[in-house]
Amino acid sequence: MTSILRLALPVPLNTLFDYRAPEAVVAAPGCRVLVPFGRRQVVGVVVERATDSELDDNKLKPIERVLDAAPLLTPELLATLRWAARYYQHPLGEVVQAALPVALRSARGLPESGVPALRLTAAGHAARGDPQRRRGTRLDALLDALAIGPLSGADLETRVAGFASAVRTALARGWIERVRVASATRPHAANAGPPLNEEQRQAADAVIAASEGFAPFLLDGVTGSGKTEVYLEIIRDCLARGRQALVLVPEIALTPQALRRFRERLGVDIAALHSGLGESERARAWLAAARGEAPVILGTRSALFVPLPNPGVIVIDEEHDTSYKQQEGFRYHARDLAVMRAKALGIPVLLGSATPSLESLANVGAGRYRSLPLRHRAGLATPPALHVVDLRRQRLQHGLAASTLDAIAACLAKGEQVLVFKNRRGYAPVLLCHDCGWSAQCPECERALTLHRHAGRLRCHHCGFEQAIPRACPSCGGLALHPLGEGTERLEEALSARFPDVPIVRVDRDTTRGRRMRDALFDSLPDAGARILIGTQMLAKGHDLPHLTLVVVVGVDEGLYSIDFRASERLGQLVVQVAGRASRAERPGAVILQTHDPAHPLLGVLLNGGYRALAAQLLEDRHNAGLPPFAHFALLRAEVKQRDVLDAFLAVAATAANDPAIITHGPLAAPMPRRAGVFRGQVLIEAADRAALQGFLPTWLDAVRALPGERKLRWSVDVDPVDLY
DNA sequence: AGCACGCCGACT
DNA sequence: GTCGGCGTGCTC
């Protein structure tokens, strides 16, 4: 007598695979198993147990080995993943694979448990007893801290500030050694933090009161209103009830400082899950959560898939942030899935933002989410003033108006910092011949090459192409090649020419690579005096900059006139977020918006009514235009080297999409019709409601999969896409 | 996605 | 004669 195991395998196939398991083998749903698959071996996850299979018994292979004695994935997580696979039209095997940390996707043993820690050696004890030892040094403090027992890095950090070099010294001298200890070895006292104000109290109480069931909340808190204090209060209550809290933050916000703040305020170890972590550390944190040992899990997008055996609450900070949407493979939205997970878990979910997404505001409007407003700015007299600078008929200096430069000068004269935003790196986005109209284009993409003057190169920001800057126009031979438009590099040049004595820091992908570099940079900024920061979106968030009082948004018009219908929402969010960065209790901040259309209605709404008014207007516009969140989209994208193959495929796919419940748009050109030599196109499916879309997609995609030339190109579906035009 | 099988082109 | 191109089929 054998039983059947239905497995999710890491292959892009829309099916589960049945295997035989001897009676003696116990592999509950959620366990990983090693199985033969074709001519190779793969790790799969048991989804169901069954007594019979649609296939003949002789077709079924026996499983090779059970990898987990107890299920790694909880029933709820498995159910949520199945739901997500269906909703996003992605094979369950790949969805399950995406949920597992990389280290658990192979059959190798689980990583060592426990957290890395340091322990005093015998030599260390001796050194501590040495009457000659120098007191009051960090090394001394380190030895004292470890004298009682081993400590994790996190615990050490709270006891000995800046212990890294002391650790190196002590390790070199053989006074301490690296060991592993169970997590949360030494819970420390939590710092109380400031008392909650009335609004914060009400918000926290509302969530706490609902903590025994599913309840979605939007914590709609203006900048500086102390959203984090509300999170902390809710998590504290959750911990007191012995439950786990899952907190998701945008990639850029998961800094060592944020971790330390949570740890100090909650008095427990925080399991961190982000891309900066090594794979075995990631798996360890994930397993700690899965075993219920980690009380608080703080992570980015993919941390949403951590098993929660004792679920208490899910918090999505900066819920409007676009990094919650996975943009390749299994294209899920972590914020949307978080709500589904909370529903499956029967716990509250709290979405927090100073600039909520229109989707969430619509959900509040429809009564699906409860709004928890925080309108009071802690200790802040006035919000920063927004100023519109009219660029028309002005002589600009590399894109900056004279009045903007005067405002910067005034700000610097007071010893304060200035932030200049331009969402475009390089010197200029176009190199144009003034004689014949030629401009430098990428040979592989249908886009202009960006001039990088310092590097002396023309670069394509969409593929790897680059070339030297031509001296003469390749088309007419003329010498009138001019940079058109501004990038951060040009702004830096212009501002350093105008303010030669002021230190300037440029932050974009060309100057700042990797999170470590960015963290180091931000660490150095707050204490610095007068200076100018120039940067792309990278600068919109990050650490607190206490000396920042002026923000200049150079590229406002791009947000007002973009082909992407979400651009105006993002512009509003950017302006409000950066305005928040310039807000100080002591000094009033200001934001300058440079535009050629000062009378643009959306600017007026933003200036007079702030983000709330802008959001209301944008929601009305979306409603009138039949755009999300009042319509529901799915996007079929395809790309191939041969244009005719693309056109033929999309034409047939669009024709196959005829159903009274949906509207088919296209085939359409992609925002980048050619990228790195590959032609790209798409078919857009629109439906009035999710159910209609969900009802239509499976049959259509089955038909698309069955198309003859389907294997000749790369194609994918994106349900609820965020970057169609 | 892998991985094999299989049937046509220029090479040690 | 064979190495290797990628079309097609299959994976419980």
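Criteria and thresholds
Residues numbered from 1 in each chain as written. Chains lettered and ligands numbered in written order. Predicted model: local features only at pLDDT ≥ 70, side-chain atom pairs only at ≥ 80, totals over all residues. Heavy atoms only, no water. Helix = DSSP H or I, 4+ residues; strand = E, 2+ residues; numbered from the N terminus. Expected span 1.5 Å × (residues − 1). Buried < 20%, exposed > 50% of the residue type's maximum accessible area, 1.4 Å probe, protein only. UniProt positions renumbered as here; feature names shortened; annotations may be inferred. Contact = heavy atoms within 4.5 Å. Near = heavy atom within 4 Å. Nonpolar A, V, L, I, M, F, W, Y, C, P; charged D, E, K, R; others polar. Pairing = 2+ DSSP bridges. Axes fitted to C-alpha atoms, helices over the stretch in contact; angles between N-to-C directions. Polar contact = N/O pair within 3.5 Å; in protein donor to acceptor, adjacent residues only side chain to side chain.

### Structural notes on helix H17 (residues 567–581)
Relative to the 21 Å expected for 15 residues at 1.5 Å per residue, H17 spans 21 Å between its end C-alpha atoms, a close match to the ideal helical length. With 14 of 15 residues buried, H17 is to be regarded as a mostly interior element.

### Quick word on the UniProt feature "binding site: Zn(2+) 2" (unreviewed entry) in chain A
Mapped onto this numbering, the UniProt entry gives "binding site: Zn(2+) 2" (unreviewed entry) at Cys-442, Cys-445, Cys-460 and Cys-463. Spanning 22 residues, the annotated positions come together in the fold, the maximum distance between their C-alpha atoms being 8.7 Å. The residue Cys-442 is located in the loop between strand S18 (430–433) and strand S19 (450–452) in this model. Classification of Cys-442 by relative accessible area gives buried; the value is 4%. When neighbours within four sequence positions are excluded, Cys-442 is seen to be in contact with Arg-447, Leu-449, Cys-460, Cys-463 and Phe-465. Along the polypeptide, Cys-463 turns up in the loop between strand S20 (457–459) and strand S21 (466–468). In this view, Cys-463 contacts Cys-442, Glu-444, Cys-445 and Ala-676; residues no more than four positions away in its chain are not counted.

### As for the protein's contact with DNA strand B
In the vicinity of DNA strand B, the contacting residues are Pro-12, Leu-13, Arg-39, Arg-40 and Arg-711. Close to the protein, within 4 Å, the atoms of DNA strand B are drawn from sugar and phosphate at a rate of 43%. Considering only residue class, the surface near DNA strand B consists of 2 nonpolar, no polar and 3 charged.

### Points about the UniProt feature "domain: Helicase ATP-binding" (unreviewed entry) in chain A
Summarizing the sequence annotation, UniProt attributes the feature "domain: Helicase ATP-binding" (unreviewed entry) to residues 208–374 in the numbering used throughout. Taken as a whole, residues 208–374 contains 35% helix and 23% strand, while its terminal C-alpha atoms sit 17 Å from one another.

### Considering the sheet that holds S19
In space, the 3 strands of this open sheet follow the order S19-S20-S21, with antiparallel pairing throughout. Edge positions in the open sheet fall to S19 and S21, since each of these has one partner strand only. The mean inter-strand angle of the sheet, taken between neighbouring strand axes irrespective of direction, is 30 degrees. Examined bridge by bridge, S20 and S21 share 3 bridges and lie antiparallel to one another. Counted as the bridge partner of Arg-459 is Glu-466 from S21.

### Details of the protein's contact with DNA strand C
Around DNA strand C sit Leu-13, Phe-17, Asp-18, Tyr-19, Pro-36, Phe-37, Gly-38, Leu-55, Lys-59, Leu-60, Lys-61 and Arg-711, and that is every residue in its neighbourhood. Note that a phosphate oxygen of DNA strand C is positioned 3.4 Å from one of the backbone N or O atoms of Pro-36. Within the side chain of Lys-61, an N or O atom sits 2.2 Å from a phosphate oxygen of DNA strand C. Mapped by element, the contributors of at least two residues to the surface near DNA strand C are strand S2 (17–22) and strand S3 (32–37). Considering every element that reaches the surface near DNA strand C, the biggest residue donor is S2, with 3 residues. In the surface near DNA strand C, the residues fall into 7 nonpolar, 1 polar and 4 charged.

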